[in-house]
There are 2 protein chains.
Amino acid sequence: MDIALLGGTGDIGEGLALRWADDTNHTVIVGSREADKAAAKAEEYEAELDSRGQEVDIAGLANAEAAAQADVVVTAVPAYHLTDTVEAVADELGDAILVSPAVGMKRDEDGFHYNRPGVGSVTQLAAKAAPEGTPVVGAFHNLAAGRLADLEADLDWDTIVVGDDRDAKATVSELAEGIEGLRALDGGPLANAAEVEGLTPLLINVARHNDGLHDLGVQFR
Amino acid sequence: MDIALLGGTGDIGEGLALRWADDTNHTVIVGSREADKAAAKAEEYEAELDSRGQEVDIAGLANAEAAAQADVVVTAVPAYHLTDTVEAVADELGDAILVSPAVGMKRDEDGFHYNRPGVGSVTQLAAKAAPEGTPVVGAFHNLAAGRLADLEADLDWDTIVVGDDRDAKATVSELAEGIEGLRALDGGPLANAAEVEGLTPLLINVARHNDGLHDLGVQFR
């Protein structure tokens, strides 16, 4: 499968790109608003994988071109860039599945808090910006980027997948489970995304307040 | 330590009562709005523990009397009874620590959703209703009642403890870790309670949508 990571130069994009390239045979395409930046990062990822004995080709393209080539398009961008990013690639999506991992948070003196958009969740923002007919799936919201991008680190985490299109959800769950140490769990329809996104500030708060815990994910058990 | 479980006849109260009585030497007092009901439940818990070879005395009292005898008072009541329950025992709290495990949820056709009160969280509702000077701690929000009350079941869960009083939080964390298979993690100040409470509807949604998973808790890792 061909996976485009829009904003694939950022931290969560880096982790997903490296893991998919390392653990699966999927084709990874790094997207960025600037094609040059995407290409440079793609080379960097290739070099890192090469140093681990993995010879893979990773393309780096402008977001729209990356999206045009992909079966699955992951918007690995901050929540405040999500709508713009989806709108900028809308004409190129074709039959692709759109996957949103973004979470909106605000920080105050007490800690991190979930910043729920009026539409219900950040994942639903992506769905609102997507062309009609494009299946939108929420996944990868609760993965600590640092650990995800460290290929020496074991994950042993769950990721919750939400969406209204059963087939699209199954495809994304399979992609998720292609990453070693990641279990995909069904969180139900897109309308349940807020509860998934709200877990991310909790992970950060727990990591900040407990010695020895950092870069946290969760396991449901 | 003497622990009063207000609403200790309900499902989460039952689980905490049985676990503390089974796993620790703390004195457990079951509270209810009706003393008779509390006494009957306390006898039921005693009988269950007795059948496991544990001879323990569990008192059953009206909530206010239960609170008056306790070092730690857990309001194991639904969110919509929380303020009333705290106000009804306010004069009896003395130096006790008040612990709130309640979560507000609403359910629609998609699933369960966090129902955040205007004051920020249900735990902060408890704090608002508590007398000045009573330390309020949030804990035990994310424990599936069914598994908690089944003494044959292993937990292997984390519980997040939030609060503004460091000593009270340490006491409650210690109580939590007295329960076998439960790890207490610091979630920071009381203002971080919403993110903890919001995890509960997610646990329910995940349990509903994944075969073989039920009565879920989480482990941060």
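All figures in this text were calculated on a predicted structure; none of them were measured in a lab.

Time to look at the interface of chain B and chain A. Across the boundary between the two partners, chain B contributes 36 residues, which contact 36 residues of chain A. In total, chain B and chain A occlude about 2,900 Å² of area from one another, counting both sides; carbon and sulfur atoms represent 57% of this. Between chain B and chain A we count two salt bridges in total. Arg221(B) serves as the salt-bridge partner of Asp156(A), at 2.4 Å between the closest nitrogen and oxygen. Viewed at the interface, chain A and chain B are joined by 19 residue pairs in polar contact (both at pLDDT 80 or more). Counting only elements with at least two residues in the side of chain B that touches chain A, the list comes to strand E7 (112-114), strand E9 (157-163), strand E10 (182-188), helix H8 (193-197), helix H9 (199-209) and strand E11 (218-220) of chain B. When residues of the side of chain B that touches chain A are assigned to their parent elements, the largest contribution, seven residues, is made by H9(B). Classifying every residue of the side of chain B that touches chain A gives 17 nonpolar, 11 polar and eight charged.

Residues and elements named next belong to chain B. In terms of burial, E9 is largely enclosed, as seven of its seven residues are buried. Burial of E9 is two-sided: the residues Trp 157, Thr 159, Val 161 and Gly 163 facing one way and the residues Asp 158, Ile 160 and Val 162 facing the other way are all buried. Sheet topology note: the strand E8 (residues 136-138)/E9 ladder contains two bridges and is antiparallel. When the sheet's bridge partners are listed, Val 137 is paired in E9 with Gly 163. In the sheet, E9 pairs with E10 via six bridges, with the strands oriented parallel. Directly across from Asp 158, in E10, lies its bridge partner Arg 183. Handedness of the crossover joining E9 and E10 through helix H7 (residues 166-178): right-handed.

Let us look at the relation of the copies chain B and chain A. Aligned on chain A, chain B shows an RMSD of 0.0 Å; the corresponding rotation is 180° and the shift along the axis is 0.0 Å. In symmetry terms, the pair is related by a two-fold rotation axis. Closest to the rotation axis within chain B is the C-alpha of Gln219(B), separated from it by 2.6 Å. In this assembly, 100% of the residues forming the interface of chain B have copies in chain A that are likewise at the interface, indicating an isologous arrangement.

Moving on, we get to the sheet that holds strand E10 (residues 182-188) of chain A. Spatially, E3-E2-E1-E4-E5-E8-E9-E10 (chain A) is the arrangement adopted by the eight strands of the open sheet, whose pairing is mixed. With partners counted over all chains shown, the strands left at the sheet margins are strand E3 (59-62) and E10 of chain A, one partner each. On average, each strand axis in the sheet is inclined to that of its neighbour by 30°, with strand direction left out of account. Docked against the sheet, helix H5 (residues 122-129) of chain A engages strand E5 (97-100) and strand E8 (136-138) of chain A, running at close to 170° with respect to E8(A). The strands that H9(B) touches are strand E9 (157-163) and E10 of chain A; relative to E10(A), the one it contacts most, it runs at about 95°.

It is worth spelling out the pattern of salt bridges at this point. Residue and element names in this part refer to chain A. Per the stated rule, a full pass over the model turns up 12 salt bridges over all chains. Of the charged contacts in the structure, one is a salt bridge between Lys 41 and Glu 44, with a shortest N-O distance of 3.4 Å. Of this pair, Lys 41 and Glu 44 both sit in helix H2 (residues 35-51), three residues apart, which is roughly one turn of the helix. Several salt bridges converge on common partners, so that one network encompasses Asp 22, Arg 52 and Glu 152.

A word on the packing of helix H4 (residues 79-89) of chain B against helix H5 (residues 122-129) of chain B. All names here are of chain B. For the pair H4 and H5, interaxial distance at closest approach is 8 Å and the crossing angle is 20°. Classified by the angle their axes make, H4 and H5 are roughly parallel. When the axes of H4 and H5 are compared, the crossing they make is right-handed. For the pair H4 and H5, the contacting residues are Ala 79, Leu 82, Thr 83, Val 86 and Glu 87 in the first and Val 122, Leu 125, Ala 126 and Ala 129 in the second.

Residues and elements named next belong to chain A. Under the definition given, this model contains two aromatic pairs over all chains. Measuring from centroid to centroid gives 5.5 Å for Trp 20 and Phe 140, while their planes differ by 85°, and the two rings are edge-to-face. Here Phe 140 lies in the loop between E8 and helix H6 (145-149) and Trp 20 lies in helix H1 (residues 11-23), a separation of 120 residues in the sequence. For the pair Trp 20 and Phe 140, one class covers both residues: buried.

Residues and elements named next belong to chain B. Mapped onto the secondary structure, Ser 51 falls in helix H2 (residues 35-51). Separated by 154 residues in the primary sequence, Ser 51 and Asn 205 have C-alpha atoms spaced 35 Å apart. Here Glu 48 takes part through its backbone oxygen, which lies 2.6 Å from a polar atom of the side chain of Ser 51.

Rules used in this analysis
Residues numbered from 1 in each chain as written. Chains lettered and ligands numbered in written order. Predicted model: local features only at pLDDT ≥ 70, side-chain atom pairs only at ≥ 80, totals over all residues. Heavy atoms only, no water. Contact = heavy atoms within 4.5 Å. Buried area = accessible area lost by both parts, 1.4 Å probe. Salt bridge = Lys/Arg side-chain N within 4 Å of Asp/Glu carboxyl O. Polar contact = N/O pair within 3.5 Å; in protein donor to acceptor, adjacent residues only side chain to side chain. Helix = DSSP H or I, 4+ residues; strand = E, 2+ residues; numbered from the N terminus. Nonpolar A, V, L, I, M, F, W, Y, C, P; charged D, E, K, R; others polar. Buried < 20%, exposed > 50% of the residue type's maximum accessible area, 1.4 Å probe, protein only. Pairing = 2+ DSSP bridges. Right-handed = clockwise from strand over helix to strand, strands pointing away. Least-squares fit on C-alpha atoms with pLDDT ≥ 70 in both. Axes fitted to C-alpha atoms, helices over the stretch in contact; angles between N-to-C directions. Parallel < 35°, antiparallel > 145°, perpendicular 65-115°, else oblique. Left-handed = near helix turned anticlockwise from the far one by under 90°. Phe/Tyr/Trp six-rings, centres within 6.5 Å; stacked < 30°, edge-to-face > 60°.

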